[in-house]
Each structure stands twice: as structure tokens, then as C-alpha cells.
Amino acid sequence: MIIAIASGKGGTGKTTLSVSLALAIPDAQLVDADAEEPNAHLFLDPEIAETIPVNMMIPEVDARRCTACGKCAEFCRFNALAVVKDKVLVFPEICHGCGGCAYVCPEGAITAGSRRIGEVEVGTAKGRRFVQGRLHPSQPTAVRIVQAELERVEKDGVTIVDAPPGTACAVQEVISEADFCVLVTEPTPFGLHDLGMALDLCEELEAPHGVVINRSGPRDGLIEDECRRRGTPVLLKIPFDRKIAEAYSRGRPLVEAFPEWGGRLLKMVETVRERARR
Ligand code: SF4
Ligand code: SF4
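Treat the numbers as computed from the prediction; the structure is a model and nothing was measured.

Before we go on, may I ask you to explain the overall build of the chain in this structure?
Counting secondary structure elements, the chain contains 11 helices and 11 strands. Referenced to the eigenvectors of the C-alpha coordinate spread, the extents of the chain come out at roughly 70 × 45 × 35 Å. The burial tally for the chain puts 42% of its 278 residues in the buried class. Within the chain, counting contacts between residues at least 6 apart in sequence, those at least 24 apart form 75% of the total.

Take a look at the structure:
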């Protein structure tokens, strides 16, 4: 079973929950798919055994075959191609590697080159399999990195995937592969706004999902009302507590600093199992 831990925005406590769930569930694997800014390793101090380079397709144009018809540039929604003076210019830094330009070229003038955009690291952390992706700076998308990470998930047991924040393509990739998506939020107007987008995404992808309210307190009603309106379960609340924040700032996972949270997280996993896709 793959459980994605996602959020409409960064800073909601997504990684804290991911790490603690992975430690609470016996034999769980943790995949840190927040490839632009992986930080689960700060809590887990993993030993990396293997580093796998990740490449992305970038178009190479054969000038002898190209008739400068412009179909490739017309197709590319990222404007990574332009036809100037009968010559196709490629802007690799904004190419998303979809391969569509090669597909639409009537002359077969475009072939797939490749460039390295990052890597996937595989190892162990606190007795658990650990996978993390790293996207190199200035690359336009982490989708290929996330795909490469998910290809390395071992099928047995439970896999916790710390998804990137937001609702962009890389998050969609994670949620599409998950059996259940846990959305972490906080009871503030910003939290509610971004949770709304994440809930829309889960509904669009028909992914079973539920909500965890982090820094829970008197304003929980903001989130609870929205969840009630959509029929989304609130799976767990983590209180706004100075001691929890202090443990976090020292890099101590919730379940290590407060072992009583292990049982609460496992109870949540039981609910997730009952509602999961498979
Ligand atoms: S679609 Fe093919 S032939 Fe047309 S401009 Fe692009 S590379 Fe050249
Ligand atoms: S591979 Fe996709 S994103 Fe890159 S230039 Fe071609 S159409 Fe555009």
C-alpha cells in the first residue's frame, strides 16, 4: 500500500508526519519525493548505498531534414522551441521533456537527446528502506525524478511517500500512484485556501483521501467545516504545542520525542487501510 502525504502548500508539517508514520509502521519504506527540497534525511540520517542519475529527454533537431514548418514550436506549450529564420531553436532550460515535438514533426527531424536533471538515492534509515530524489537547480520539473523514485518502491508492505508541496505535475504523479492520500493542513485562512486546491486535485484524480490538521487549536472549525461540506474525513489532529515544535526544531521525529504518538498514528493507518484504493 502506498500512502501519499501531501499538502496544498509548504510548511504544514507534511515531512514531520511522513517521517513519524514511516517510523511507527513496522517495515515501512519512506520515499522523499519532495525532490526540489528533500528534508526527511535531516530527521533520519540515512546511509545512501546507491545513487542513480536521472535524465530527461531534450529534443535534437536534424537541420537537414527540417523544413521549418513550425509544427513543433506550435505544439510546445512551454515555448521551449522557436523557428527563427528557417532554423529551430531549442531552449533546454524550459523543456519539460514530454517528447511531443518529436511526435508531431512530419519529417522525423527531431530525435531524443538527454540531459541529467538530478538523481535518486537509495539507502536505509533507522532500519527502513529510504529513497530520496534530488532535482538539480534551475530544472523545470521534478516529474521524471518522482517517476524514477516510484519505480524503486518495493511492492511489499507500506510505503510512505512525502509528496512535493502544492498541486503541480509532480504531486499529481505521486497521488495518481498512491492508494490513499493524506492531506496535511493547518487551521488558518491560508491553510484552508491551499487545502481546497489539494482536495480538488484528489477529487479530480478520484484518489481516496483524508485530512490531518497540524497545529490544531481553537480555529479547527475552519478546516472541519470544509471537510464536512465535502464529505472528507479528518483522520488526526496534531496539537499546536511548544514541546512538539521544540522537538521538530532539534530534528527529532514526533514518535521518537513522544512515543505515545506511535499508537495514534497506527490507528490512523487502520482507517486509511479501510478506505484505500486497493
Ligand atoms: S516540426 Fe519538424 S520539420 Fe517542422 S519545424 Fe519542427 S523540426 Fe522542423
Ligand atoms: S519535449 Fe515537450 S516540452 Fe520539450 S520542446 Fe518538445 S514539446 Fe516542448
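Looking at this model, I keep getting lost on the domain arrangement of the chain. Mind explaining?
Interface size is commonly expressed as the accessible surface area that is lost when the partners come together. When cut into domains, the chain gives domain 1 (2–54 + 118–275) and domain 2 (57–116). If you average the C-alpha positions of domain 1 and of domain 2, the two centres end up 37 Å apart. The interface is formed by 5 residues belonging to domain 1 together with 5 residues belonging to domain 2. Each residue belonging to the side of domain 1 that touches domain 2 can be placed in one class, and the counts come to 2 nonpolar, 2 polar and 1 charged.

For this particular structure, what's the right way to read the site of ligand 2?
The environment of ligand 2 is made up of 14 residues, and the closest members are Cys76, Ala80, Cys95, Cys98 and Cys101. Broken down by secondary-structure element, the contributors of at least two residues to the shell around ligand 2 are strand E3 (47–61) and helix H4 (100–104). Taken together, the residues of the shell around ligand 2 break down into 10 nonpolar, 4 polar and no charged.

Would you explain the sheet that holds strand E6 (residues 110–125) in this entry?
Strand pairing in a sheet relies on backbone hydrogen bonds. The paired strands run either parallel or antiparallel. As summarised here, the arrangement of the 9 strands in space is E3-E6-E7-E2-E8-E1-E9-E10-E11, forming an open sheet in which the pairing is mixed. Bordering the open sheet on either side are E3 and strand E11 (234–239), each of which pairs with just one other strand. On average, each strand axis in the sheet is tilted by 20 degrees relative to the strand beside it, whichever way the strands run. The strands touched by helix H6 (residues 169–177) are strand E1 (2–6), strand E8 (159–162) and strand E9 (180–185); relative to E1, the strand with the most contacts, the crossing angle is about 150 degrees.

Help me understand the pairing of strand E5 (residues 87–90), please; the structure alone is not making it clear to me.
Residues Val88 and Val90 line the buried face of E5, whereas the alternating positions Lys87 and Leu89 sit on a face that is not buried. Bridge analysis of strand E4 (residues 81–84) against E5 gives 4 bridges, and the strand direction is antiparallel. By the bridge assignment for E5, Val83 is matched with Val88. Hairpin connection of E4 to E5: 2 residues between the antiparallel strands, including Lys85 at a positive phi of 50 degrees.

Mind showing me how you'd approach the environment of Gln132 here?
Looking at the element boundaries, Gln132 is found in strand E7 (residues 128–135). Residue Gln132 is classed as buried on the basis of its C-beta count, with 26 C-beta atoms lying within 10 Å. Put simply, Gln132 and Gln172 are 40 residues apart on the chain and 17 Å apart in space, counted from C-alpha to C-alpha. Not counting residues up to four positions away in its chain, the partners in contact with Gln132 are Asp32, Pro38, Ala40, His41 and Glu121.

Any chance you could explain helix H11 (residues 260–275) here in plain terms?
Helical geometry note: an α-helix holds 3.6 residues per turn, so side chains three or four residues apart project in the same direction. In this model H11 runs 24 Å from its N-terminal to its C-terminal C-alpha over 16 residues, within 8% of the 22 Å that 1.5 Å per residue would give. Residues Trp261, Leu265, Val269 and Val272 constitute the buried set of H11. When H11 is viewed along its axis, its buried side chains cluster within an angular range of 80 degrees and face the same direction. Away from its buried face by more than 90 degrees, H11 exposes Glu260, Gly263, Lys267, Glu270 and Glu274. Against the buried residues of H11 lie E1, helix H1 (14–24), E9 and helix H10 (254–257).

Would you mind going over the site of ligand 1 with me for this structure?
The immediate surroundings of ligand 1 are formed by 14 residues, with Cys66, Cys69, Lys71, Cys72 and Cys105 found nearest. Each residue belonging to the shell around ligand 1 can be placed in one class, and the counts come to 10 nonpolar, 2 polar and 2 charged.

Got a minute to help me understand the environment of Ser7 in this structure?
Turning to its location among the elements, Ser7 is positioned in the loop between E1 and H1. By the C-beta count within 10 Å, which is 29 here, Ser7 ends up buried. Filtering out sequence-adjacent residues up to four positions away, Ser7 remains in contact with Thr12, Lys14, Pro165, Leu183, Val184, Thr185 and Ala198.

In this structure, what is going on with the packing of helix H7 (residues 189–204) against helix H8 (residues 221–230)? I would like to understand it.
Between two packed helices, both the angle of their axes relative to each other and the distance between the axes serve to describe the pair. Contact geometry for H7 and H8: axes closest at 10 Å, N-to-C directions at 25 degrees. Put simply, H7 runs roughly parallel to H8. Crossing hand, H7 versus H8: right-handed. Residue-level contacts link Gly191, Leu192, Leu195, Gly196 and Leu199 of H7 to Leu222, Ile223, Glu226 and Arg230 of H8. Classifying every residue of the contact of H7 with H8 by side-chain character gives 5 nonpolar, 2 polar and 2 charged.

Here is what the cut-offs are and how they apply
- Residues numbered from 1 in each chain as written.
- Chains lettered and ligands numbered in written order.
- Predicted model: local features only at pLDDT ≥ 70, side-chain atom pairs only at ≥ 80, totals over all residues.
- Helix = DSSP H or I, 4+ residues; strand = E, 2+ residues; numbered from the N terminus.
- Buried ≥ 20, exposed ≤ 12 C-beta atoms within 10 Å, placed from the backbone.
- Contact = placed C-beta atoms within 7 Å.
- Domains from an automatic or database assignment.
- Nonpolar A, V, L, I, M, F, W, Y, C, P; charged D, E, K, R; others polar.
- Near = placed C-beta within 6 Å.
- Pairing = 2+ DSSP bridges.
- Axes fitted to C-alpha atoms, helices over the stretch in contact; angles between N-to-C directions.
- Expected span 1.5 Å × (residues − 1).
- Arc of directions from axis to C-beta.
- Parallel < 35°, antiparallel > 145°, perpendicular 65-115°, else oblique.
- Left-handed = near helix turned anticlockwise from the far one by under 90°.

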